[in-house]
Amino acid sequence: MTTGTHGKLTIRKSRSGDLAFIESLYPAAFREEDLLPLVRAMMACDEEILSLVGERDGLAAGHAVFTLGSIGGTERKIALLGPVAVDPNLQRSGIGSAIIREGLRLLKALDVEQVFVLGDPAYYGRLGFLPGATVKAPYELPQEWSQAWQYMPLADEDIAGEGRLQLPDFWMRRELWGE
Ligand SMILES: CC(C)(COP(=O)(O)OP(=O)(O)OC[C@H]1O[C@@H](n2cnc3c(N)ncnc32)[C@H](O)[C@@H]1OP(=O)(O)O)[C@@H](O)C(=O)NCCC(=O)NCCS
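My aim in this report is to walk through the structure given alongside it, one point at a time. (Residues numbered from 1 in each chain as written. Predicted model: local features only at pLDDT ≥ 70, side-chain atom pairs only at ≥ 80, totals over all residues. Heavy atoms only, no water.)

1. A word on the site of the ligand
Looking at the ligand, there are 16 residues lining it, with Val86, Arg92, Gly94, Gly96 and Ser97 nearest. Measuring from an oxygen atom of the ligand, one finds a backbone N or O atom of Gly96 at 2.7 Å. Here Asp120 contributes a side-chain N or O atom positioned 3.2 Å from a nitrogen atom of the ligand. For the ligand, whose free accessible area comes to 850 Å², the fraction covered by protein is 72%. Those elements that provide at least two residues to the shell around the ligand are strand E5 (77-86), helix H3 (95-109) and helix H4 (121-124). Looking at side-chain class alone, the shell around the ligand contains eight nonpolar, five polar and three charged residues. (Near = heavy atom within 4 Å. Polar contact = N/O pair within 3.5 Å; in protein donor to acceptor, adjacent residues only side chain to side chain. Areas by Shrake-Rupley, 256 points an atom, 1.4 Å probe, with all protein chains shown as cover. Helix = DSSP H or I, 4+ residues; strand = E, 2+ residues; numbered from the N terminus. Nonpolar A, V, L, I, M, F, W, Y, C, P; charged D, E, K, R; others polar.)

2. Some words on the pairing of strand E7 (residues 149-153)
With four of five residues buried, E7 is to be regarded as a mostly interior element. Relative to E7, strand E6 (residues 114-118) runs antiparallel, the two sharing five bridges. From the neighbouring strand, Val115 faces E7, where its bridge partner is Met152. (Buried < 20%, exposed > 50% of the residue type's maximum accessible area, 1.4 Å probe, protein only. Pairing = 2+ DSSP bridges.)

3. Digging into unusual backbone geometry
The omega torsion of the bond from Gly82 to Pro83 falls at -5°, within 30 degrees of zero and hence cis. Here Pro83 lies in strand E5. Backbone geometry places Asp57, a non-glycine residue, at a positive phi of 50°. Backbone geometry at Asp111 places phi at a positive 65°, although glycine is not the residue there. Its location among the elements puts Asp111 in the loop between H3 and E6.

Pasting the structure below:
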């Protein structure tokens, strides 16, 4: 838990009582993209995700999901970060970053070796995500998204894995990875 100029911030695993918050959060945070079908499918697969809620002064304010997966043909444990959303009224006060950092800490404790993300390098680069992942996204990404495909090594020894990310079914839809 951290207390700063914006009030007390707590990060915890989500529970079933958070579903109403999550259902209202995503349409508010993503005005041009309907992520609810994906998020609902994820929330129904408890064992394959790490779902975290950030609370500001005891009230749910943000949410992020990490999906556990592997690299095709290997035993290597990896995770994919996304989506991440923060209440538009509370953005830019450190909630998104705090949820992501806590997720990375928990995943490292689970011996996850790398975490991948498809997102804006201006945001994820600040958190330590790196460009140039040798492991590929589940589908071929559009050329203009190549910089958005980033990774973070969590293991002490960097694994230069190759191959494709293997993820649960809810991520295996072409349209989630660009046309
Ligand atoms: C992106 C998002 C999750 C970040 O969470 P947050 O709590 O607002 O961000 P933090 O306070 O942790 O970090 C703030 C810093 O990140 C950067 N930042 C925030 N949102 C950004 C964005 N969309 N693009 C680039 N940089 C961004 C800013 O530099 C900001 O610092 P500044 O205020 O000093 O300029 C949140 O803004 C959000 O829900 N946005 C809409 C949904 C979305 O785009 N999700 C991410 C894609 S999966």
